[in-house]
Amino acid sequence: MKLPIFRYRNLKQDYRKPTCDAVTFALNKFCPRMVDRILVQVRGDDRLLEKHGEYGYCIYDVKDPSQREFQIVLDNTLNPHMWIRTLMHELVHVKQYAKNEMAYYERNHSVIKWRSSKINIDKESYWDLPWEIEAHGREEGLTQQFMKAFPQHEAFCKNKRSK
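All values reported here derive from a predicted model rather than from experimental measurement. Within every chain, residues take consecutive numbers counted from 1 along the sequence as written. Whole-chain, interface and lining totals are the exception, using all residues; otherwise, since this is a predicted model, local features are given only for residues with pLDDT of at least 70 and side-chain atom pairs are given and counted only at 80 or more. Excluded from the side-chain calculations are hydrogens and water; all other atoms, namely the structure's heavy atoms, are used.

**Digging into a positive patch on the surface**
Nonpolar side chains (Val, Leu, Ile, Met, Phe, Trp, Tyr) within 5 Å and like charges within 9 Å form the patches, drawn only from residues with over 30% relative accessible area and no salt bridge. Residue burial considers only the protein chains on display, and all accessible areas are found by Shrake-Rupley using a 1.4 Å probe. Each salt bridge in this description consists of a side-chain nitrogen of Lys or Arg and a carboxyl oxygen of Asp or Glu lying within 4 Å of one another. His residues and chain termini do not enter the charge count, which takes Lys and Arg as positive and Asp and Glu as negative. Lysine's charge is taken at NZ, arginine's at CZ, aspartate's at CG and glutamate's at CD. Positive charge collects at one region of the surface, where Lys2, Arg33, Arg37 and Lys99 lie side by side. Only DSSP runs of H or I reaching four residues or more are called helices, and only runs of E reaching two or more are called strands; each is numbered from the N terminus. If you trace the backbone, lysine 2 turns up in the segment before strand 1 (5–9).

As structure tokens, then:
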């Protein structure tokens with residue numbers, strides 16, 4: 001298994017190793033030939049859910065889509081199960097950007113290129129966006145596959161209690 005370039009900031013101590021292994025697992029699954037050229041930084045935010053109503057989000061430099069550097073921000077109040085599940089959701093977006101399945105148009109950030117289509121996100125419900133349908137549809141299955149591939153993290157991933 002190839003190792004991605006992985007960094008973290010503001011993660012709880014016991015979340016660091018499962019997070020690193022989950023990033024490694026997902027990127028080897030999605031992008032095996034480019035995994036060692038993708039940089040993923042995972043940052044914990046103590047008030048993301050409270051401030052923005054989001055569990056997490058994924059950012060990449062829209063000015064240079066050839067660079068494969070991503071930042072994933074997750075809410076630090078998530079229990080371990082939701083943390084890994086949300087991380088898997090965001091890693092689906094990393095795959096979508098890294099493989100150029102999805103990209104912003106430079107002049108108009110409300111229009112997104114999705115595979116061979118152009119989608120105006122101002123005219124669609126979040127739940128109808130095809131990249132979100134894929135990410136939501138894959139997050140739990142990826143979490144289950146991760147637990148099987150990394151059994152040392154199974155107890156962590158199954159923990160639905162807040163820490």
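There is more to say after this.
**A word on the pairing of strand 1**
Pairing between two strands is assigned when DSSP locates at least 2 bridges connecting them. Two elements, strand 1 and strand 2 (residues 39–45), share 5 bridges in a ladder whose sense is parallel. Residue pairing for strand 2: isoleucine 5 is matched across the bridge by leucine 39. Read from strand 1 through helix 1 (residues 16–30) to strand 2, the crossover connection turns out left-handed. Orienting the strands away from the viewer, one traces the path from the first strand over the helix to the second; a clockwise path indicates a right-handed crossover.

**A closer look at the state of the cysteines**
Cysteine sulfurs are considered disulfide-paired once they come within 2.5 Å of each other. For the structure shown, the criterion picks out 0 disulfides. Unpaired in this structure, cysteine 20 has its nearest cysteine sulfur neighbour in cysteine 157, at a distance of 14 Å. Residue burial is assigned from relative accessible area. The probe radius is 1.4 Å, only protein chains are included, and a residue is buried under 20% of its type maximum, exposed over 50%, and partly exposed in between. In this structure cysteine 20 comes out as partly exposed when scored by relative accessible area, which is 23%.

**Thoughts on the environment of alanine 98**
With respect to the element layout, alanine 98 can be found in helix 3 (residues 80–98). Relative accessible area serves as the criterion here: at 2%, alanine 98 is assigned to the buried category. Separated by 64 residues in the primary sequence, alanine 98 and methionine 34 have C-alpha atoms spaced 8.7 Å apart. Contact partners of alanine 98, with chain neighbours within four places excluded, come to Cys31, Met34, Ile38, Arg68 and Phe70. Residue contacts follow a heavy-atom distance rule, with two residues in contact if any of their heavy atoms lie within 4.5 Å.

**Observations regarding the sheet that holds strand 4 (residues 69–75)**
Ordered in space as 1-2-4-3, the 4 strands form an open sheet in which the pairing is mixed. Strands with a single pairing partner mark the edges of an open sheet, and in this sheet they are strand 1 and strand 3 (56–60). The average undirected angle you get between the axes of adjacent strands in this sheet is 15°. For strand 3 and strand 4, the ladder comprises 5 bridges, and the chain directions are antiparallel. A fitted line through C-alpha atoms serves as each axis, taken over the contacting stretch for helices, and the angle formed by two N-to-C directions is quoted from 0 to 180°.

**Side note on the pattern of salt bridges**
Taken as a whole and assessed by the stated rule, the structure comprises 12 salt bridges. Arginine 85 is the salt-bridge partner of glutamate 140, the closest N and O atoms lying 2.7 Å from each other. Of this pair, glutamate 140 sits in helix 4 (residues 130–149) while arginine 85 sits in helix 3; the two residues are 55 residues apart in sequence, bridging distant segments of the chain. We classify glutamate 140 as partly exposed; its relative accessible area is 23%. Residue classification places arginine 85 among the partly exposed residues on the basis of a relative accessible area of 23%. A salt bridge links glutamate 134 to arginine 138; the nearest nitrogen and oxygen atoms lie 3.8 Å apart. With glutamate 134 and arginine 138 both in helix 4 and 4 residues apart, the pair spans about one turn of that helix. Connected through shared salt-bridge partners, Lys95, Glu101, Arg115, Glu134 and Arg138 make up one network.

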